[in-house]
Amino acid sequence: MRKGILFLLLLIVWILLVWPFSGGAVDYQSIVAGVVVSFFASLVFGELFTESPHKFLGVKRYLWAILYIPIFLWSCLLANLDVAYRVLHPLLPIKPGIVKVKTRLKSKSAITALANSITLTPGTMTVEVLDDGYLYIHWIWVKEADVEKATLIIVRRFENLLERIFE
Amino acid sequence: MNEFIGFTFIIIGALFDLFGCIGLIRLPDLYNRLQAATKCVTLGTCGILLGSLIIFGLTAAGMKAFLCALFILITSPTSAHALARASHIAGVKLWEGSVVDKLKEDTEKK
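Residues numbered from 1 in each chain as written. Chains lettered and ligands numbered in written order. Predicted model: local features only at pLDDT ≥ 70, side-chain atom pairs only at ≥ 80, totals over all residues. Heavy atoms only, no water.

(A) Looking closely at the sheet that holds strand E3 (residues 134-139) of chain A. Residues and elements named next belong to chain A. Ordered by their spatial adjacency, 3 strands build an open sheet running E1-E3-E2, and the pairing between neighbours is antiparallel. The sheet is open, and its two edges are formed by strand E1 (97-102) and strand E2 (124-129), each paired on a single side. For this sheet, the mean inter-axis angle between neighbouring strands, taken without regard to orientation, is 35°. One ladder, built from 6 bridges, connects E1 with E3; its direction is antiparallel. (Pairing = 2+ DSSP bridges. Helix = DSSP H or I, 4+ residues; strand = E, 2+ residues; numbered from the N terminus. Axes fitted to C-alpha atoms, helices over the stretch in contact; angles between N-to-C directions.)

This is the structure:
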């Protein structure tokens, strides 16, 4: 089953990469080549893929993921304006530090997505991830050094959605 | 019309890339520089690629731009995390104006 899902994902990437639909006619030769290549690649690398393939079948996860995209892009844009402001300000208003936060997410993919989201959102960057759910965040403007309060500010805005998508 | 929107995206993306480079020069230590580099360069480059997607439309070139933007969104924060973690383990110090370093405190406790 996980080989089948990997096969589908690889085929989608292949089709986006070669894009056989341009010019009105469909280029079947590239699609057949993609099917063969994805088949063998998924046979070889299927064991290394995800640990819980059943999660790919939940339709609700995709809906939450679609809801997550605009929220993520918006905070990404805010992050960039924030950095631009700090960098262009003549006094360089920064108060950096590394704080500790705790997440209740468990699965590896969820923690990866959370760490990546934190890195791309205003003023924060993941430095270290521990197995017991603690993350160390480099914060360019430390508002709260306390674990609980920093968790409220940094982690909570993504945690609920990511829990629905990945857990 | 498509070209106008596409070029707007490309100009905004290039501007953010520029801000990232200014941050790389002005900010004091490695961690702050990584912040500026990761955020601005990710959105800036994605903006440029999105602009080319809008200009080229659903063609081979446009879809490649889309795929590149997707991969940059996944890999750029991951590599920033790897760099920051490696330099903290290697002992790169924070800027002297930094207010707190929980990671160092916890490593010294162990």
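(B) Representation of helix H4 (residues 102-109) of chain B. Considered for burial, the residues of H4(B) that qualify are B:Lys102, B:Leu103 and B:Asp106. All buried residues of H4(B) lie within an arc of 100° about the axis, which places them on one face of the element. (Buried < 20%, exposed > 50% of the residue type's maximum accessible area, 1.4 Å probe, protein only. Arc of directions from axis to C-beta.)

(C) The packing of aromatic side chains, seen in detail. All names here are of chain A. As enumerated under the stated definition, the model contains 4 aromatic pairs over all chains in all. Ring geometry for tyrosine 68 and phenylalanine 72: centres 5.9 Å apart, planes at 25°, overall stacked. On the criterion of helical spacing, the pair formed by tyrosine 68 and phenylalanine 72 is a turn pair, its members being 4 residues apart in helix H3 (residues 59-88). Residue class for tyrosine 68 comes out buried when judged on its relative accessible area of 12%. The class of phenylalanine 72 is buried, set by a relative accessible area of 12%. Grouping aromatic residues by their ring pairs yields a cluster made of Tyr68, Phe72 and Phe158. A cation sits over an aromatic face here: lysine 102 above tyrosine 134, 5.0 Å from the ring centre. (Phe/Tyr/Trp six-rings, centres within 6.5 Å; stacked < 30°, edge-to-face > 60°. Lys NZ or Arg CZ within 6 Å of the ring centre and 35° of its normal.)

(D) Highlighting the pattern of salt bridges. All names here are of chain A. Overall, the coordinates contain 5 salt bridges over all chains when judged by the stated rule. Among the salt bridges present, the one from aspartate 82 reaches arginine 86, with a minimum N-O distance of 3.3 Å. Of the two residues, aspartate 82 and arginine 86 both sit in helix H3, 4 residues apart, roughly one turn of that helix. Between glutamate 159 and arginine 156 there is a salt bridge whose closest N-O contact spans 2.3 Å. One end of the pair is glutamate 159 and the other is arginine 156, both in helix H6 (residues 156-166) and 3 residues apart, which spans about a single turn. (Salt bridge = Lys/Arg side-chain N within 4 Å of Asp/Glu carboxyl O.)

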